[in-house]
Structures are given as C-alpha cells and as structure tokens.
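Survey of secondary and tertiary structure
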Amino acid sequence: MNDRIKKAVAALLCLTVLAGPARADSTLNLNLPDIGDASGGTISPQEERRLGEMFMREVRQSLTIVDDPEINEYIQALGYRLASNSENQSQDFTFFLIQDPAINAFAAPGGFIGINTGTILASESESELASVIAHEIAHVTQRHLARAFEKANKLSLPTAAAMIAAIIIGTRNSQAGQAAMAATQASSAQAQINFTRANEEEADRVGMQTLARSEFDPRSMPSFFERLQQAIRFYGPTLPEYLSTHPVTETRIADTRNRAEQYPPRQIKDSLTYHLVRAKLRVLGEPNPKRSVKHFAEALKSGQYRNAQAERYGYVLALLGNGEYDLARAQVRDLLAQDKENPAYQIALARVEMAAGHADKALAIYNDALKLYPGNNPLTVLYSDALLQTGQARKARDVLEKHIRQRNPDPGLYKLLAEAEAQAGHPAAARKALAEHYYLNGQTDAAIEQLTQALKLQDGDFYLASQIEDRLRQLKEEKVLETKR
C-alpha cells in the first residue's frame with residue numbers, strides 16, 4: 001500500500017473516535033503507519049473509495065449489520081434520494097444499518113454511511129431521519145474525511161500511536177478508551193475540536209440544503225437537535241453516542257433554526273414505508289414475541305399510534321413471530337384489502353403461509369408479486385429462500401445469479417447463492433460463492449481457503465476453473481498489500 005493510503009488509514013482511525021462508532025467487538029488488525037511526512041497531499045476519490053471498502057470489511061467483522069432485505073431497501077432508497085440532491089451527485093454512496101438501539105450515525109471514506117437502528121426509532125418523522133443522513137452525506141461530499149487526513153499527516157508518530165491505542169482500548173472499554181484519548185491529545189486537542197466543530201457546522205448547512213432539495217422539511221434538523229438536547233438530562237453521565245460524536249449546543253440549534261426559517265413552510269407527509277420499517281424494527285428489537293403481540297394489540301385498541309396501517313403491520317409480524325398464523329393471516333388480508341399491491345404486505349402474507357406449512361401458496365404469492373415488481377430485492381431474496389426451503393435449488397440459483405448481476409455486491413446474496421449451488425450439487429460453485437460472502441464480510445483468509453478448495457472440487461469445467469483462479473489471484477495479491485499496511 002502506498003504512503004498516502006497508509007496515512008489515510010491513520011486519519012480514518014482518528015475519525016473512528018471523533019465521528020464514528022466508539023464500540024467494536026474486535027481489535028483492529030492494523031500496523032502503525034508512517035504519518036510524519038505531510039508531502040503526500042490529499043487522497044484521491046478513488047483512494048477514498050478503496051479505503052472505505054477496507055473499512056466496510058472491518059465493520060462487518062466488528063458490528064452487527066442488519067440483513068433484513070426490506071429494511072435495507074428502504075434505507076438505500078432514502079439515502080439515494082438525498083444523495084441525488086447533494087453537492088456531489090457523482091459521488092458513490094453505500095448506506096447500511098447497524099443493529100444497535102443507541103442513537104448514532106457516521107460517515108466513512110468513499111461514501112459509506114452507517115446508521116444505528118436506534119436512530120430510526122428515535123426519529124419522530126421521516127424528515128428527522130433524513131436530516132441525520134443528509135448531515136452524514138455532507139461530511140462525504142465536503143470531503144471532511146480527506147481534510148482530516150491532511151491534518152493527520154501533521155501529527156507526530158507518538159500521538160498517532162496513542163490515538164490508535166485509545167481506539168483499541170475503546171473496543172474493550174469505551175470509557176477507558178476515551179480517557180486514554182484525552183490523556184494523549186494535550187497539545188493538539190483544541191485544534192482538533194475546532195476543526196471538528198467547523199465540519200459539523202458545514203455539514204449542518206450543506207445537509208439542510210440537501211434536505212430542502214429532496215423535499216423534506218429543513219425544520220426537522222433543529223427539531224431533532226432540540227429533542228436530543230432535552231434528552232441529555234435522562235442519560236446522566238453517559239450520553240447517547242450521537243451526542244458524543246456530534247455535540248449539540250444552543251448555538252448550533254439556533255444556527256440551524258435560523259437557517260431553516262429561511263425556507264418556506266411546507267407540509268411534508270411521511271412515507272408509509274418509513275412507518276412500516278419503524279414497526280418492523282420494533283418487532284425485531286423485542287426478544288419476547290408475546291410482549292410484542294401485546295404491545296401492538298393494545299396500541300390498536302387504544303388508537304395510540306402514528307399510522308394505523310403500520311401498527312397493524314407490526315401486529316402481523318408480532319403474531320407471526322408468536323406462531324399465531326391464522327390471526328396473522330386475517331390481519332394481513334385486512335391490510336391487502338386497503339393496498340393490495342403493497343409488496344410489504346404481500347411478503348408478510350407469503351411468510352405467514354410458509355410458516356403455516358402452505359409453501360405452494362407462498363411461492364405463488366412471491367411469483368405474482370415479482371411480476372408486478374420485477375427485480376425487487378426483498379421479493380427476490382425471500383422468493384429464492386422459499387425455493388430453497390422447498391427443494392427447488394436450481395431455480396433458486398438461476399434467480400439469484402441473474403439478480404446478483406444487476407446489483408452491488410451483497411454478502412447475504414452470495415451466502416444464499418452458495419446454499420443454492422450446494423443443494424443443486426455444484427460444490428465448487430458453492431465454495432466460489434461462499435468465498436465472496438466471506439470476502440465482503442472482511443474475512444479474506446477464509447475467502448482464499450474457499451477458493452482453494454473450489455479449485456480442487458471443480459470437475460473439468462474450464463470456464464469455472466478460470467474464474468476461480470482469477471479471483472484467487474486477486475485476493476492473494478490484495479492480502480499481500482494488506483499485510484504491508
């Protein structure tokens with residue numbers, strides 16, 4: 001890896017503390033880079049993207065990434081809507097959700113933006129959620145990460161080493177990590193704080209412009225800040241992660257409020273999908289299905305909800321999780337009577353039928369829905385999974401291979417394809433697909449091992465063998481570069 005990439009890795013590590021998640025489950029396996037020479041200059045967008053991909057593989061190893069296709073489809077659609085109205089519409093973005101009840105969001109090099117599920121549940125409108133994502137998009141389009149890299153170039157090696165050590169300590173004990181960071185930044189702390197505040201102010205200003213262009217309510221940004229600030233007294237000495245990495249002050253609230261007032265008032269209606277996703281997250285976040293059923297039943301009875309369809313949808317999912325299939329079926333049919341082409345409701349009914357042992361009905365529902373929404377990712381993923389459950393591996397493989405060619409790499413899709421290939425009797429192809437799953441999850445060694453085994457298992461298929469050999473060479477070369485960083 002060249003010197004500029006090494007230095008950028010150091011900058012990324014610094015930002016992991018200052019503007020990213022404070023916790024991780026494993027120590028970052030990175031050698032200390034040489035960052036004493038600032039002559040390298042700002043990293044290019046291509047280098048940023050490569051760094052982001054490396055970062056993403058680390059994240060997949062350390063944090064729990066939400067793999068629900070419906071929820072992911074929503075967050076991607078919302079993110080792309082905002083990105084298409086950002087300051088740099090040519091910038092590539094990847095949006096992902098972390099299973100964590102804490103309120104937090106962060107940006108990484110190359111347009112990778114992570115949002116905690118707790119942020120969605122804490123929002124009181126879709127515009128509030130959009131304001132958080134727009135803010136993080138602005139960090140990327142304004143190249144704050146690249147600017148931080150320039151600043152990190154000027155840090156001494158001992159300071160950089162202390163910062164990295166603080167991060168590693170923080171993976172085990174966040175309070176100890178923060179204490180170590182505070183103890184090692186004496187001379188440069190104020191400059192770094194001022195720099196971070198400038199970034200936050202610019203991200204607020206640019207993010208608000210993106211909100212308005214995307215037809216969300218700019219006033220949602222100061223409203224969200226105000227509620228976060230009011231919540232501080234309930235947390236005591238332990239602040240929500242977002243408040244630690246994105247400090248909310250009276251000045252910042254006033255500034256965003258003044259900027260928001262410059263836009264004409266408009267009535268913004270939340271999308272139904274926003275409410276459906278929040279309902280699903282509430283179900284997924286409740287480990288006791290009976291308690292979940294009770295929550296939604298009482299809300300529907302009392303009328304205490306924001307959206308009636310979303311509350312009933314949550315009730316359906318809770319009933320499904322509790323094994324009450326007949327009642328779940330009746331409830332979802334009520335929803336379909338109101339909106340018969342809604343894919344979320346069709347998926348819910350198909351899932352109920354599969355769980356109730358009516359696989360033929362479930363497959364028919366998926367098949368009909370895909371005729372209405374060809375290429376829909378949640379429908380395709382769940383249809384393929386249902387095909388696998390019913391022994392139709394070859395058909396599932398064909399569906400998945402076509403779908404993967406049309407989408408960005410997704411570890412979940414490759415894992416499903418590996419299962420389909422294995423069930424179809426293609427062990428070499430199964431290991432090849434599993435290698436991609438491991439690689440995208442940051443497990444390069446495991447990916448190389450899978451490809452090595454795939455070469456031994458391929459049975460005279462010259463085309464497949466060539467593909468495996470090419471990919472194996474690529475990963476081995478990348479592994480050499482990673483060991484040199």
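Here the structure is a predicted model, which means the values were calculated and not measured.

Given a rise of 1.5 Å per residue, 13 residues ought to cover 18 Å, and the 19 Å separating the end C-alpha atoms of helix α21 (residues 411-423) matches this to within 8%. Among all positions in α21, only Pro 411, Leu 413, Tyr 414, Leu 416, Leu 417, Ala 418, Ala 420 and Glu 421 are buried. Structurally, the start of α21 carries an N-cap: the backbone nitrogen of Gly 412 is 2.8 Å from a side-chain oxygen of Asp 410. Just past α21, the residue Gly 425 takes up positive phi, approximately 85°.

The sheet built from 3 strands is open, its strands ordered β1-β3-β2 with mixed pairing. Edge positions in the sheet fall to β1 (94-98) and β2 (105-108), since each has one partner strand and no second. Strand-to-strand twist of the sheet, defined as the mean angle between neighbouring strand axes without regard to direction, takes the value 20°. Across 5 bridges, the pairing between β1 and strand β3 (residues 112-116) is parallel. The partner of Thr 94 across the bridge, within β3, is Phe 112. Packing against the sheet, helix α3 (residues 69-83) makes contact with β1 and β3, and its axis sits at approximately 135° to β1. Sheet contacts for helix α5 (residues 126-141): β1, β2 and β3; angle to β2, the most-contacted strand, approximately 20°.

Attention shifts here to the packing of helix α13 (residues 272-284) against helix α14 (residues 289-302). A pair of packed helices is captured by two measures, namely the crossing angle of their axes and the spacing between those axes. At a closest axis distance of 9 Å, the pairing of α13 and α14 adopts a crossing angle of 145°. Here Ala 279, Arg 282 and Val 283 of α13 come into contact with α14, specifically with Ser 292, His 295 and Phe 296. Counted by class, the contact of α13 with α14 contains 3 nonpolar, 2 polar and 1 charged residues.

Rules of the game
Sequence positions are assigned chain by chain, starting from 1 and proceeding in written order. Per-residue local features are limited, in this predicted model, to residues with pLDDT of at least 70; the limit for side-chain atom pairs, both in listing and counting, is 80 or more; totals at the level of whole chains, interfaces and linings are taken over all residues. To obtain the side-chain values, all non-hydrogen atoms of the structure were included, while hydrogens and water were left out. Helical segments are the DSSP runs of H or I of at least four residues, strand segments are the runs of E of at least two, and each set is numbered from the N terminus. Multiplying 1.5 Å by the helix residue count minus one yields the expected span of that helix. Three exposure classes are used, based on accessible area relative to the maximum for each residue type with a 1.4 Å probe and protein chains only: buried under 20%, partly exposed in between, and exposed over 50%. Under the rule applied, a polar contact is a pair of N or O atoms within 3.5 Å (in protein, one hydrogen donor and one hydrogen acceptor; residues adjacent in sequence only if both atoms are side-chain atoms). Strands are labelled as partners when DSSP assigns at least two bridges between them. Each axis is a line fitted through C-alpha atoms, taken for helices only over the stretch in contact, and angles between the N-to-C directions span 0 to 180 degrees. A contact between two residues is defined here by any heavy atoms of the two lying within 4.5 Å. Residues were grouped as follows: Ala, Val, Leu, Ile, Met, Phe, Trp, Tyr, Cys and Pro as nonpolar; Asp, Glu, Lys and Arg as charged; and all remaining residues, including Gly, as polar.

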